[in-house]
Amino acid sequence: MHLLDIIPQLELGKPEERRKPEKRVNGIFWIILLNLGIYVADHLFQVQGIRALYLYHNRPTWYQFVTATFCHASWNHLSSNLFFLYIFGKLVEEEEGNFALWLSYIFTGAGANLVSWLVLPRNAVSVGASGAVFGLFAISVLVKMSWDWRKILEVLILGQFVIEKVMEAAQASTGMSGRFSGGYALQSVNHIAHLSGALVGVVLVWLLSRVPSHPPESEMSNLRGKRDQST
């Protein structure tokens, strides 16, 4: 009888009270669907006005710094970005929640585009989620960071793989060059966006870490005093 009692616990892995509850992940799928939907509307159905979402460096509109992160130059460019978006976006959402995922994606993507606009030539056009990918990668590493040598080795291996593959995907955007009117040139491999997206992710984690998750001890003692007086 004792053996029969032990078997269910072995099958479940952990006792019920110690098992970590599963978190539902929905936000990353909506981000992926939005990227896919804009790509289909742009490249398959060629919907008029979609390319107004691109970031044109010589006459940018404020919303283009965000919308350009959902646009892609080619299928190879999109598919590789979606692969890494799923991996790192899922990690961020599982750890920090849906709102934090959207905030991270928009903040890092728009920040990467802003830096690109400040640095790159005026005739450039920026599209793609690569800046947000690097930002989510940085955030997913930092929120799980520890000094365990296995974790550090894992980060190094995964990091070099991400950089290599995203660079290869960005190279696919050269297929769109010369197809813009007015002499615009699509930035083929936007290293500025990759680096700045990761740095913006680091800054975002640092800023959020400065926000206290619990009220100060003085406020807690005041609340306890008021509660005692009311009783």
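Fair warning: this is a prediction, and the values are worked out from it, not measured in the lab.

Chemist: Can you walk me through the nonpolar core in this structure?
Modeler: The nonpolar side chains of soluble globular proteins are, as a tendency, buried together. Membership of the largest hydrophobic core comes to 32 residues, with the highest contact counts inside it found for Ile 28, Ile 38, Tyr 54, Cys 71, Leu 85, Tyr 105 and Leu 136. For this core, the secondary-structure elements that each account for two or more residues are helix H2 (27–44), helix H4 (75–96), helix H5 (98–119) and helix H6 (130–143). For Tyr 105, the residues in contact, after removing those within four places along its chain, are Ile 31, Asn 35, Thr 69, Phe 70, Leu 85, Ala 129, Ala 132 and Leu 136.

Chemist: Explain unusual backbone geometry here, please?
Modeler: Most peptide bonds take the trans form, and the phi angle of most residues other than glycine is negative. Here the phi dihedral of Gln 46 falls at roughly 50°; this positive angle occurs in a residue that is not glycine. Within the secondary structure, Gln 46 is located in the loop between H2 and strand S1 (55–56).

Chemist: Where do I start with the packing of H4 against H6 in this structure?
Modeler: Working note: a packed helix pair is described by the angle between its axes plus the distance between those axes. One way to put it is that H4 packs onto H6 with a least axis distance of 9 Å and a crossing angle of 30°. Comparing the axis directions of H4 and H6 gives the class roughly parallel. For the element pair H4 and H6, the recorded crossing hand is left-handed. Contact with H4, carried on its side by His 77, Asn 81, Phe 84, Leu 85, Phe 88, Gly 89, Leu 91, Val 92, Glu 95 and Glu 96, involves Ser 130, Val 133, Leu 136, Phe 137, Ile 139, Ser 140 and Val 143 of H6 and no other residues of that element. Split into classes, the residues belonging to the contact of H4 with H6 amount to 10 nonpolar, 5 polar and 2 charged.

Chemist: Honestly, the packing of aromatic side chains in this entry has me stumped. Any pointers?
Modeler: To describe a pair of aromatic rings, you give the distance between the ring centres and the angle between the ring planes. This model, assessed by the stated rule, comprises 9 aromatic pairs. With 5.8 Å between their ring centres and 85° between their planes, Trp 62 and Tyr 63 make a pair best called edge-to-face. Relative to Tyr 105, the ring of Phe 70 lies with its centre 5.0 Å away and its plane at 40°, an arrangement referred to as tilted. Here Phe 70, found in the loop between helix H3 (64–67) and H4, pairs with Tyr 105, found in helix H5; they are 35 residues apart in sequence, far enough to count as distant. For the pair shown, Phe 70 and Tyr 105 are each scored as buried. By way of ring pairs, the aromatic residues Phe 83, Phe 84, Phe 88 and Phe 137 are connected into one cluster. The ring of Tyr 56 has Arg 59 lying over it, and the distance from NZ or CZ to the ring centre is 5.3 Å.

Chemist: Honestly, the packing of H2 against H4 in this entry has me stumped. Any pointers?
Modeler: Relative orientation of the contacting elements H2 and H4 amounts to 165°, with a least axis distance of 9 Å. In this view, H2 runs roughly antiparallel relative to H4, as classed from their interaxial angle. Pair H2 / H4 crosses with right-handed handedness. Mapping the contact onto sequence places Gly 27, Ile 28, Phe 29, Ile 32, Asn 35, Leu 36 and Tyr 39 in H2 and Trp 75, Leu 78, Leu 82, Leu 85, Tyr 86, Gly 89, Lys 90 and Glu 93 in H4. Grouping the constituent residues of the contact of H2 with H4 by class yields 10 nonpolar, 3 polar and 2 charged.

Conventions we followed
As a convention, each chain's residues are numbered from 1 in the sequence order in which they are written. At least 70 in pLDDT is required for a residue's local features to be given in this predicted model, at least 80 for side-chain atom pairs to be given and counted, and no such filter applies to totals for whole chains, interfaces and linings, which use all residues. For the side-chain quantities, the full set of heavy atoms in the structure was used; hydrogens and water were omitted. As used here, the term nonpolar core means buried Ala, Val, Leu, Ile, Met, Phe, Trp, Tyr and Cys residues forming a set that is joined through side-chain atoms within 4.5 Å. Residue burial is assigned from relative accessible area. The probe radius is 1.4 Å, only protein chains are included, and a residue is buried under 20% of its type maximum, exposed over 50%, and partly exposed in between. Put simply, DSSP H or I for four residues or longer makes a helix, DSSP E for two residues or longer makes a strand, and each gets a number counted from the N terminus. Working rule for contacts: check all heavy atoms of both residues, and any pair within 4.5 Å makes them a contact. Fitting a line to C-alpha atoms yields each axis, with helices limited to the stretch in contact; the angle taken between N-to-C directions then spans 0 to 180 degrees. Roughly parallel refers to an angle under 35 degrees, roughly antiparallel to one over 145, roughly perpendicular to one between 65 and 115, and oblique to any angle outside these ranges. We call a crossing left-handed when the near helix sits turned anticlockwise from the far one by less than a right angle, and right-handed when that turn is clockwise. Classification used: nonpolar for Ala, Val, Leu, Ile, Met, Phe, Trp, Tyr, Cys and Pro, charged for Asp, Glu, Lys and Arg, polar for all others including Gly. Pairing of aromatic side chains here covers Phe, Tyr and the six-membered ring of Trp, requires ring centres within 6.5 Å, and sorts the geometry by plane angle: under 30 degrees stacked, over 60 edge-to-face, intermediate tilted. Look at NZ for Lys and CZ for Arg. If either is within 6 Å of the ring centre and within 35 degrees of the ring normal, a charge sits over the ring.

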